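Each chain is listed here by its residues.
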Amino acid sequence: MEEKVLKIKEELQNKLTNINNLKELNDLKVEYLGKKGLVSSLSSMMSSLSIEEKKSFGKLLNDLKNEVTSKIDELKEKLEKEELNKKLENERIDISLPATKISCGAPNILEKIIEEVESVFMSMGYDVVDGPEIELDHYNFELLNIPKGHPARDAQDTFYIKDEEVLLRSQTSPVQARVMLENGGKKPIRMICPGKTYRRDDDDATHSHQFMQIEGLLIDKNISLSDLKGTFDVISKKLFGENVETRFRPSYYQFTEPSVETDISCFVCGGKGCSLCKNTGWITVSGAGMVHPNVLRNCGYDPKEWSGFAFGFGAERLAMLKYGINDIRTFYQTDLRDSKNFDRKEV
């Protein structure tokens, strides 16, 4: 019996030296310690031994099992450690390598421009007001001194929905008319009304049938054109830089009198003349003027007691000037190759 045990030990030791991985070790464990393994098979010989022989052989068999188990476990621990180190080496991350760049979205430029304008006007005490996009002719035209048959209606190229009475608003001015009527001609007003407007105007890449307007209105007592000029100066410098100069040019709008075109000195060439300003040194950014007495009267304000000014910016035009965009469709695309430029450093 002792010779068999010694032989098993020697064989085990030789086989252990040739084991290279955990699978081979597990097969070896089954060969020696499995139910039909070499060590387990020795237990079947116990039945033919005397009581005294069983005691000595039983001890010898237990020692063998413990030794075999110990050597296999020891080698298993070593192989597992080697395998782990090998895996860590193969999967090692070089933290000195530059990080992978992940493309992310950019803020919508129209929303960004509108938020900038809102922030400036709110700092001056203006309210931001919204109104319906499906509007009545009464608010969109008649209250604003554009009666039926007026040629200005043709220039607006309006989208009518029903009997030329219900339409998609061609401007955000009807929001101003609604606010004036709600105040009953008794309260001062400081408001801007940014929002979508609709016109049949999509002849080229710089125009769209749907665009964003930012219109404003101030009504109080003793308001003059100089108040409008000061307001225009503030918003122009905030959007295009402190060095920008402003000027007014006479113009004509049905709802203001007098009416003006508002210009800024070219922020690219500093007023010297370039392709952006068409070599004039000036860029037109909006229309404005003093609220027409008829509009005040139509909306419940006595023009002898109250006065005010109104102005309107095109959000797309502001963005195209500020960010050098020459195709209005860019604002509505989701291609990051275009939209990534929206978040670049401002002028």
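First, a word on what this report is: a plain description of the structure on this page. None of these values were measured; they are calculated from a predicted model.

This brings us to the overall build of the protein. Counting its regular elements, the protein contains 12 helices and 10 strands. In the protein, which comprises 347 residues, the proportion classed as buried is 40%. For the protein, contacts bridging at least 24 residues in sequence account for 64% of all contacts bridging at least 6. Of the accessible surface of the protein, which amounts to about 20,400 Å², a share of 50% is contributed by carbon and sulfur atoms.

Sheet strands pair by backbone hydrogen bonding; their relative direction is either parallel or antiparallel. The antiparallel open sheet is built from three strands, whose spatial order is 2-4-3. The sheet is open, and its two edges are formed by strand 2 (134–136) and strand 3 (159–162), each paired on a single side. Along the sheet, successive strands turn relative to each other by an average axial angle of 40°, direction set aside.

The next point concerns the packing of aromatic side chains. Applying the stated criterion across every chain, the model contains eight aromatic pairs. Aromatic pair Phe232 and Phe248: ring centres 6.1 Å apart, planes at 40°, arrangement tilted. Of this pair, Phe232 sits in helix 9 (residues 225–240) while Phe248 is found in strand 7 (residues 246–253), placing the two residues 16 residues apart along the sequence. For Phe232, a relative accessible area of 4% translates into the label buried. Residue Phe248 is classed as partly exposed on the basis of its relative accessible area of 21%. Ring geometry for Phe240 against Phe267: centres 5.0 Å apart, planes inclined by 15°, an arrangement best described as stacked. Here Phe267 lies in the loop between strand 8 (256–265) and strand 9 (282–291) and Phe240 lies in helix 9, a separation of 27 residues in the sequence. With relative accessibility at 5%, the residue Phe240 sits in the buried group. For Phe267, a relative accessible area of 17% translates into the label buried. Cluster of aromatic residues (ring-pair linked, three or more members): Phe121, Tyr126, Phe309, Phe311 and Phe313. Taking the ring centre of Tyr139 as reference, the NZ or CZ of Arg178 above it sits at 4.0 Å.

Quick look at the environment of Val260 now. Mapping Val260 onto the fold places it in strand 8. Note on Val260: relative accessible area 5%, which makes it buried. Ignoring anything within four residues of it in the chain, the contact list for Val260 reads Leu228, Phe248, Arg249, Pro250, Ser251, Tyr253, Gly287, Ala288 and Gly289.

What the rule picks out here adds up to 10 salt bridges. A salt bridge links Lys148 to Glu165; the nearest nitrogen and oxygen atoms lie 3.3 Å apart. Here Lys148, found in the loop between helix 6 (137–140) and helix 7 (152–156), pairs with Glu165, found in the loop between strand 3 and strand 4 (166–168); they are 17 residues apart in sequence, far enough to count as distant. For Glu165, a relative accessible area of 37% gives the class partly exposed. In this structure, the salt-bridge partner of Arg249 is Asp263, at a minimum N-O distance of 2.5 Å. With Arg249 in strand 7 and Asp263 in strand 8, this pair connects stretches of sequence that are 14 residues apart. Judged by relative accessible area, which is 1%, Asp263 ranks as buried.

So, on to a negative patch on the surface. On the surface, a cluster of negative charge is contributed by Asp73, Glu74, Glu77, Glu80 and Glu83. Tracing the chain through its elements places Glu77 in helix 4 (residues 51–90).

Taking burial as the measure, the 10 residues of strand 5 (residues 189–198) include eight buried ones, the bulk of the element. Two elements, strand 1 (residues 127–128) and strand 5, share two bridges in a ladder whose sense is parallel. Counted as the bridge partner of Val128 is Ile192 from strand 5.

Turning our eyes to something else, we now look at helix 9. Helix length check: helix 9, at 16 residues, gives a terminal C-alpha distance of 22 Å against a target of 22 Å (1.5 Å per residue), a fit within 8%. A positive phi of about 115° marks Gly241, the residue just after helix 9.

Taken as a whole, helix 8 (residues 173–183) has its buried residues at Ser173, Pro174, Val175, Gln176, Ala177, Val179 and Met180. The inward-facing, buried residues of helix 8 contact strand 2, helix 6, strand 5, strand 6 (210–220), helix 10 (293–298) and strand 10 (307–314). Phi for Gly184, located one or two positions after helix 8, is positive at around 65°.

Residue placement: Ser170 occurs in the loop between strand 4 and helix 8. A polar side-chain atom of Ser170 sits 3.0 Å from a polar atom in the side chain of Asn140.

Within strand 6, 10 of the 11 residues are buried, which leaves it mostly tucked inside the rest of the structure. Note that strand 5 and strand 6 share 10 bridges and pair antiparallel. Within strand 6, the residue paired with Ile192 across the bridge is Gly216. Here strand 6 runs beside strand 10; their pairing, made up of eight bridges, is antiparallel. Looking across to strand 10, one finds that Glu215 is bridged to Gly312.

Rules used in this analysis
Residues numbered from 1 in each chain as written. Predicted model: local features only at pLDDT ≥ 70, side-chain atom pairs only at ≥ 80, totals over all residues. Heavy atoms only, no water. Helix = DSSP H or I, 4+ residues; strand = E, 2+ residues; numbered from the N terminus. Buried < 20%, exposed > 50% of the residue type's maximum accessible area, 1.4 Å probe, protein only. Contact = heavy atoms within 4.5 Å. Areas by Shrake-Rupley, 256 points an atom, 1.4 Å probe, with all protein chains shown as cover. Pairing = 2+ DSSP bridges. Axes fitted to C-alpha atoms, helices over the stretch in contact; angles between N-to-C directions. Phe/Tyr/Trp six-rings, centres within 6.5 Å; stacked < 30°, edge-to-face > 60°. Lys NZ or Arg CZ within 6 Å of the ring centre and 35° of its normal. Salt bridge = Lys/Arg side-chain N within 4 Å of Asp/Glu carboxyl O. Patch = residues over 30% accessible without salt bridge, like charges linked within 9 Å, V, L, I, M, F, W, Y side chains within 5 Å. Lys, Arg positive; Asp, Glu negative; His and termini not counted. Charge placed at Lys NZ, Arg CZ, Asp CG, Glu CD. Expected span 1.5 Å × (residues − 1). Polar contact = N/O pair within 3.5 Å; in protein donor to acceptor, adjacent residues only side chain to side chain.

Shape descriptors only; they carry no functional weight alone.
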